[in-house]
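# What the coordinates show
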Amino acid sequence: MSNNLLNSAKDSAPRTAVVTGAGSGIGRAVALALAGAGWSVALTGRRPDPLAGTAALAGPDARMITVPADVSRPQDVNALFASVHECFGRLDLLFNNAGTFGPGDVPVEDLAYEDWRGVVEVNLTGAFLCAQAAYRRMKEQDPQGGRIINNGSLSAHAPRPHSVAYTATKHAITGLTKSLSLDGRPYRIACGQIDIGNAATDMTERMRTGTLQANGELAAEPVMAASDVARTVLHMAELPLEANIQFATVMATTMPYVGRG
């Protein structure tokens, strides 16, 4: 991001967002949607090259910075939000999107402790650390307030087979969302959750060819465009802070969710 563009971003004071997991999939789609609507966007993820790819797709006029970070590491998260404050001066939105499914199709009795811990550290601890850092900025800034949108999952409601770590963390995200909503009220900090089913990303690629169902069969499942999720997040983000979408579900229309199991 050039110095001229950075100064322009500060002077015109557009709304500013942090998008975690912004190098691909839903994070990339949401970052592009926000940038297209005039937001300044800080892109973060563990790998610099995918973040640069997202920024390139947004075009040279987009107000974007890339800040590589591992959201499960407190020092990385602190550095991320310090960079956002230095570049943009305030924070209006955190899209807490970074996540991992972990090893696929591993029965609960065979799941290694290291694999369990890896999913929990990214999906839950990472979401908490980013929310905490965002909350602090939103509480202290003037004008006060902002919005946090957590990426839940349909697995926050109904599990898939062999998904104990992922499902447990997504149920926990719902608790995180509710607690942040309650604790943020005095400071104009709104928090909502979007539960997504079968957006077309690398994580859901196996849905197209066949994934394990509750009855033990393998079946292909429909997917939807990640851009459809992004439009929903953008709508949630652009509401006035006096209004909040507490929970939203966006899914491929005919996927086996209602009645799953």
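Presented here is a report on the structure given in the accompanying data block.

Parameters and conventions
- Residues numbered from 1 in each chain as written.
- Predicted model: local features only at pLDDT ≥ 70, side-chain atom pairs only at ≥ 80, totals over all residues.
- Heavy atoms only, no water.
- Buried < 20%, exposed > 50% of the residue type's maximum accessible area, 1.4 Å probe, protein only.
- Helix = DSSP H or I, 4+ residues; strand = E, 2+ residues; numbered from the N terminus.
- Arc of directions from axis to C-beta.
- Contact = heavy atoms within 4.5 Å.
- Phe/Tyr/Trp six-rings, centres within 6.5 Å; stacked < 30°, edge-to-face > 60°.
- Pairing = 2+ DSSP bridges.
- Axes fitted to C-alpha atoms, helices over the stretch in contact; angles between N-to-C directions.
- Core = buried A, V, L, I, M, F, W, Y, C linked by side-chain atoms within 4.5 Å.

## Remarks on helix α3 (residues 48–58)
Those residues of α3 that fall on the buried side of the exposure criterion are P50, L51 and T54. Projection of α3 onto a plane perpendicular to its axis shows the buried side chains occupying an angular sector of 105 degrees, all on one side. Of the exposed residues in α3, those oriented more than 90 degrees away from the buried face are D49 and A56. The elements touched by buried residues of α3 are α2 (25–36), β2 (40–44) and β3 (64–66). Positive phi appears at G59, one or two residues downstream of α3, with a value of about 95 degrees.

## Details of the packing of aromatic side chains
As enumerated under the stated definition, the model contains two aromatic pairs in all. Ring geometry for F101 versus Y166: centroids 4.9 Å apart, planes at 40 degrees, classification tilted. Of this pair, F101 sits in the loop between β4 (93–96) and α5 (113–140) while Y166 sits in helix α6 (residues 164–184), placing them 65 residues apart in sequence. Taking the relative accessible area as the measure of exposure, Y166 reaches 10% and is therefore buried. Measuring from centroid to centroid gives 6.2 Å for Y135 and Y187, while their planes differ by 80 degrees, and the two rings are edge-to-face. Highlighted residues: Y135 in helix α5 and Y187 in the loop between α6 and β6 (189–197), separated in sequence by 52 residues. By relative accessible area, Y187 is classed as partly exposed at 24%.

## As for the sheet that holds β4
A sheet is described by the order of its strands in space; here seven strands give the open sequence β3-β2-β1-β4-β5-β6-β9, paired in parallel fashion. What marks the edges here is a single partner per strand, and that holds for β3 and β9 (247–251). Across this sheet, the average inter-strand angle for adjacent strands is 15 degrees, counted without regard to direction. Summarising the sheet, β6 and β9 pair through five bridges and their orientation is parallel. By the bridge assignment for β9, I194 is matched with A248. With respect to the sheet, α3 is in contact with β2 and β3, its orientation differing from that of β3 by roughly 165 degrees. Sitting on the sheet, α5 touches β1 (16–20), β4, β5 (146–151) and β6, and the angle it makes with β4 is about 175 degrees.

## Considerations on the nonpolar core
Of all hydrophobic cores here, the largest spans 36 residues; its most connected members are L34, V41, I194 and V229. For this core, the secondary-structure elements that each account for two or more residues are β1, α2, β2, β4, β6, α8 (226–237) and β9. Of the residues forming this core, the biggest block, seven residues, is contributed by α8. For V229, the residues in contact, after removing those within four places along its chain, are I26, I194, I196, A199, M224 and V250. Core analysis: the second largest hydrophobic core is formed by 27 residues, V18, L129, A131 and M138 among them.

Shape is all these values report; function is a separate question.
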